[in-house]
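# Commentary on secondary and tertiary structure
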Amino acid sequence: MPKMKTHRGAAKRFNKTGNGLIKRAKAFASHILGDKSPKRKRGLRKSTLVSSVEQKNVSKMIPYK
């Protein structure tokens, strides 16, 4: 069976944690920041996990990461 290809766009956006979950950055943190509160912007800096529904799809896109 041939090797699977990594989805290069997904590889730049997702990482796997030590126990195999997938980590992602939060959205809405790049522009139009004046309307958002400092507390909200601080929260957007932190990473979070991909939802359990999407874990399988994303892990197929990054098989060797």
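Check the entry above for the structure.
First things first, this report covers the structure right here in the doc. Every value quoted in this text rests on a predicted model; they were computed, and no experiment measured them.

## So, the environment of Phe14
Along the chain, Phe14 falls in the loop between helix 1 (8-13) and strand 1 (15-16). The class of Phe14 is buried, set by a relative accessible area of 16%. For Phe14 and Ile62, which are 48 residues apart along the polypeptide, the C-alpha to C-alpha distance reads 8.1 Å. Among residues more than four places away in sequence, those in contact with Phe14 are Ile22, Lys23, Arg24, Val50, Val58, Ile62 and Lys65.

## Some remarks on the nonpolar core
Counting 7 residues, the largest nonpolar core is built from Ala10, Ala11, Phe14, Ile22, Val50, Val58 and Ile62. Those residues in contact with Ala10, other than ones at most four positions away along the chain, are Met61 and Ile62.

## Brief notes about a positive patch on the surface
Together, Arg24, Lys26, Lys39, Arg42, Arg45 and Lys46 make up a region of like positive charge exposed at the surface. The leading source of residues in the positive patch is helix 2 (residues 38-45), at 3 residues. In this fold, Lys39 is placed in helix 2. You can call Lys39 exposed: its relative accessible area is 66%.

## Quick word on unusual backbone geometry
Among all residues except glycine, the phi angle is most often negative; among peptide bonds, the trans geometry is most common. Despite not being glycine, Phe28 has its phi angle at roughly 70°, a positive value. The residue Phe28 is located in the loop between strand 2 (22-24) and helix 2 in this model. Exposure remark for Phe28: the relative accessible area of 64% places this residue in the exposed category.

Cut-offs used in this document
- Residues numbered from 1 in each chain as written.
- Predicted model: local features only at pLDDT ≥ 70, side-chain atom pairs only at ≥ 80, totals over all residues.
- Heavy atoms only, no water.
- Helix = DSSP H or I, 4+ residues; strand = E, 2+ residues; numbered from the N terminus.
- Buried < 20%, exposed > 50% of the residue type's maximum accessible area, 1.4 Å probe, protein only.
- Contact = heavy atoms within 4.5 Å.
- Core = buried A, V, L, I, M, F, W, Y, C linked by side-chain atoms within 4.5 Å.
- Patch = residues over 30% accessible without salt bridge, like charges linked within 9 Å, V, L, I, M, F, W, Y side chains within 5 Å.
- Areas by Shrake-Rupley, 256 points an atom, 1.4 Å probe, with all protein chains shown as cover.
- Salt bridge = Lys/Arg side-chain N within 4 Å of Asp/Glu carboxyl O.
- Lys, Arg positive; Asp, Glu negative; His and termini not counted.
- Charge placed at Lys NZ, Arg CZ, Asp CG, Glu CD.

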